[in-house]
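Examination of the molecular architecture
Here are the chains, one letter per residue:
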Amino acid sequence: MAKEFIKGNYAVVKAAILAGAETYFGYPITPASEIAEGSAFYFPKTGRTFLQAESEVASINMLYGAGGAGVRTLTASSSPGISLMQEGISYSVGSEVPCLIVNVNRGGPGLGNIAPEQSDYNQSTKGGGHGSYHLIVLAPNSAQEMCDFTIKGFELADRYRTPVLLLTDAFIGQMMEPVEFPEPISKQDLPSKPWATLGNPQTKKSIINSIYLEPAEMEQHIIRLEKKMDEVKQKEVLFEEYLIEDAEIITVGYGIISRVLKNVVEDLRAKGIKVGLLRPQTLWPFPEKRLAQLAEKVNKFLVVEMSNGQMINDVKLATNCKPEIYFYNRMGGVVPTADEIIHKIENIMGGNNG
Amino acid sequence: MGKLLQKPKSFYNEFFRSPSPDKLSTHYCPGCGHGVIHKYVAEAMDDFGIADNTIWISPVGCSVFGYYYFDCGHQQVPHGRAPAVATGVKRSHPEAIVISYQGDGDLAAIGGNNIIQAANRGENITVIFVNNSIYGMTGGQMAPTTLVGQTTTTSPYGRNPANEGYPMRMAELIAQLEAPVYVERVALNNAQNRNKTRKAIRKALKIQIDKKGFSLVEILSQCPSGWKVSPVDSLKWMEENQMPYFPLGVFKDVVEQRNPLETKPRIWDKDTIIKMLDLDRQVKEYAKPNPTKDIYEQPKIKVAGFGGQGILMLGVLLSEAAMLNGKQVTWIPSYGPEMRGGTANCQVVIRNNKVGNPSVDKPTILIAMNQPSLDRFEKDVIPGGLIVINETLVTSGVTRDDVDVLAHPFSDIADKQLGTVKVQNSLILGALIKHTNMLDQQAIFDALPAHIKKIDLIPLNKKAIELGFSLG
């Protein structure tokens, strides 16, 4: 197919339909509304269901119903809306309901603003709702990855029977780029789901359920969920590296930050400073093994985030605080410029403490 | 006649899913109304032959363990959210029978909005609403349906309307909505009313089978444990306390007036999907551009002006053309403080390889559509770069002498020669392409249909681009 020049948010919509999503449930919120609007336009055209729910609380429960009924389903929202969904997300994990949730991260806490932030990192990667669990968290940095990770998100959700979170930001969502879409999936290529309630005699015994009254039984259930996520940790870590081999300092950033960092790496190398970039594409599972390896030979890391310092804790844990770990951040919707970060690195490499 | 003495098949004989060692008794208290209601629903499922296709939704409350008892598919769901979950299930499988079985705390308190919205959408589901005026599962706290003066663990001095308001009559409330088809309140106090309950449940399920839409049966049901009375006295308690406040009867029945709902089939044909998603465009080859300056090979462009000047579209058309011409490209609209005061800008980065930072701090090319844009961004343009000026609205000239300038009264020209100022952006685009030769001219024309949704405006924009060529 020909490439299309398209907004990241719209890429999610088309990719979802190509991936066989049959239902979209969502509540409008800036800067994620284009995903609802695009779905309202394209889902009915392909005989699929778009429904504007009465709230984010309702949206996530509609996803629970649809995902539990065996169809690929998604919603999109932005930070405050995702906070409202946390109960339903926890239930989806407990009942092992696959679904895709897109968070176009905006400024917070509270009403905040509609500009890009990465401040929902902790909520996304540490569970977010009640109970012991992790979500699979994908962090695209381009419109192409908004497409690719939407499709991947559905695959992972089905493979592990768990909700997948696509964590992006207002910048990536609003940016237009060329996207190459894949062919639509055939119905027969979708995974079969005998565990789901399909409303037929074959699945009459199916139960979507998260109650385990007996503590020992509940413990076994959690252990089983944990084992599943251990497998995710083994198999599904994704990251991208740029000029890391001879780097004297490694920058770590995801989403829009990684795009800025790429320019930082190029500009500083032109000046003779050997900078590399590690970009986690999955925030959970986090590329902790790779970071641990890199920490053996590189002793300076700079973590750049549009938050008060959330991913940096995972970098510290992964590297066991062995290297010097520096931090640069902007918040409230301010995207750091390449120049700011270059200045920071020049200071670090010049022997100043940042 | 033998049939009447049998347990319905849709109701399990042994409750194998219950963790209790006793697999023959329900978890309900002696005298509880749920057992009778369960029996009526199971009988109806048998008689309509729908158990194989039924998905039972159990939210939190005494009925949370519906899956112990009914031989059908089950979803156990968060407190109050049964109608939302039921919506998700039904929209996924319109042929399935979906039963939302809810208590009063669930339906009228925490899930109040969910039930009203599902009813208002006319979801083709059946809601069984068990009203026992108390929170049974959690040990007898006040419900939205707890009666005035009724003592509960959280209204120990009796429900006081001045503090807690009045009991909610949900059947009446939902019957006020346009979409629901059938809403009735029934009671379990005597044989006659139990028979009406049985009939109401059957009717509600039949409506769903016939795809007529939303129905709700509110059942006044006894909770001896919560009411602190004996099972025998609970029926009297219901008659003396619940029934005077919650009148029985049909509050809405428009079954005969409604046509069956239609559902459209999903489309799985690949070619149709590609076409419906507007992904069926043909790939075309374009001439390799030969820019007038090296810096135009991979330029960073900022377009700035007032909102309404077609600034975002100018950037989008340029980007689309760059993509068609085999380039990597990003486009971002202005953000934050830059958006205030009616100004708008967008930033375009064109590269041969993958674009890193999509933000443009130091543009190769600045297109200043008005005076504030020039004042603000002139200093950022790289030495040797280009500033395109709309002289109609920019009165001061460029102060720098290390940049190229392409200046015309674009707004005036568009207005006088093309009949509308609206195509000033296409005019500028034409001039820019001609001046820099950064892209194949044909790619610009081919970029129009993907982004100009009003097809009849395309010829005029083409004309504007052509006129622009003569200004570059």
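Conventions we followed
Residues numbered from 1 in each chain as written. Chains lettered and ligands numbered in written order. Predicted model: local features only at pLDDT ≥ 70, side-chain atom pairs only at ≥ 80, totals over all residues. Heavy atoms only, no water. Pairing = 2+ DSSP bridges. Helix = DSSP H or I, 4+ residues; strand = E, 2+ residues; numbered from the N terminus. Axes fitted to C-alpha atoms, helices over the stretch in contact; angles between N-to-C directions. Contact = heavy atoms within 4.5 Å. Buried < 20%, exposed > 50% of the residue type's maximum accessible area, 1.4 Å probe, protein only. Lys, Arg positive; Asp, Glu negative; His and termini not counted. Salt bridge = Lys/Arg side-chain N within 4 Å of Asp/Glu carboxyl O. Buried area = accessible area lost by both parts, 1.4 Å probe. Polar contact = N/O pair within 3.5 Å; in protein donor to acceptor, adjacent residues only side chain to side chain. Nonpolar A, V, L, I, M, F, W, Y, C, P; charged D, E, K, R; others polar.

A few words on the sheet that holds strand β13 (residues 275–280) of chain A. Residues and elements named next belong to chain A. As summarised here, the arrangement of the five strands in space is β11-β13-β12-β15-β16, forming an open sheet in which the pairing is mixed. Across the chains shown, the open sheet's two edge strands, defined by having one partner strand only, are β11 (239–242) and β16 (324–329). Between one strand axis and the next, the sheet turns through 20° on average, direction left out of account. The pairing of strand β15 (residues 300–305) with β16 spans six bridges and is parallel. Residue pairing for β16: Glu305 is matched across the bridge by Asn329. Taken strand by strand, helix α10 (residues 256–270) contacts β11, β12 (249–252), β13 and β15, and its axis lies near 165° from that of β13.

Once that is clear, we can look at helix α4 (residues 82–92) of chain B. Burial analysis of α4 of chain B places ten of its eleven residues in the buried class, the great majority of the element. Three or more residues of α4 of chain B are buried, namely Ala82, Pro83, Ala84, Val85, Ala86, Thr87, Gly88, Val89, Lys90 and Ser92 of chain B.

One open sheet accounts for eight strands, arranged β10(A)-β2(B)-β1(B)-β3(B)-β4(B)-β6(B)-β5(B)-β7(B); its pairing is mixed. Every other strand in the sheet has two partners, leaving β10 (207–208) of chain A together with β7 (249–253) of chain B as the edge strands with one partner each. Across the sheet, α4 of chain B touches β1 (54–58), β2 (73–76) and β3 (97–103) of chain B, and the angle it forms with β3 of chain B is around 175°.

Okay, the side chain of Arg81 of chain B next. Along the chain, the position of Arg81 of chain B falls in the loop between β2 and α4. The charged side chain of Arg81 of chain B is buried without a salt bridge, its nearest counter-charge being Glu87 of chain A at 4.2 Å. Leaving out residues up to four positions away in the same chain, Arg81 of chain B has contacts with Val57, Asn61 and Glu87 of chain A together with Ile110, Gly111 and Asn114 of chain B.

Residue and element names in this part refer to chain B. Of all nine residues in strand β10 (residues 343–351), seven are buried, a share of seventy percent or more. Sheet topology note: the strand β8 (residues 300–306)/β10 ladder contains seven bridges and is antiparallel. By the bridge assignment for β10, Val303 is matched with Cys346. Bridge count between strand β9 (residues 328–333) and β10: six bridges; the pairing is antiparallel. By the bridge assignment, Ile332 is partnered in β10 with Gln347.

Let's shift gears to the interface of chain B and chain A. Counting from both sides, the interface comprises 73 residues of chain B and, opposite them, 75 residues of chain A. In this assembly, chain B packs against chain A so that about 6300 Å² is buried in total across both faces, 59% of it on carbon and sulfur atoms. At the junction of chain B and chain A, the tally comes to seven salt bridges. As a salt-bridge pair, Arg121 of chain B and Glu54 of chain A come within 2.9 Å of each other at their nearest N and O atoms. The interface formed by chain B and chain A includes 31 residue pairs in polar contact (both at pLDDT 80 or more). If you list the elements that add at least two residues to the side of chain B that touches chain A, you get α3 (66–69), β2, α4, α6 (112–121), α12 (270–276), α13 (311–324) and β9 of chain B. Take the side of chain B that touches chain A: its biggest share by element is seven residues, from α4 of chain B. Among the residues making up the side of chain B that touches chain A, the classes are represented as 34 nonpolar, 21 polar and 18 charged. Summarising the sheet, β10 of chain A and β2 of chain B pair through two bridges and their orientation is parallel. Within β2 of chain B, the position partnered with Ile207 of chain A by the bridge is His74 of chain B.

Any link to function would need more than the numbers given here.
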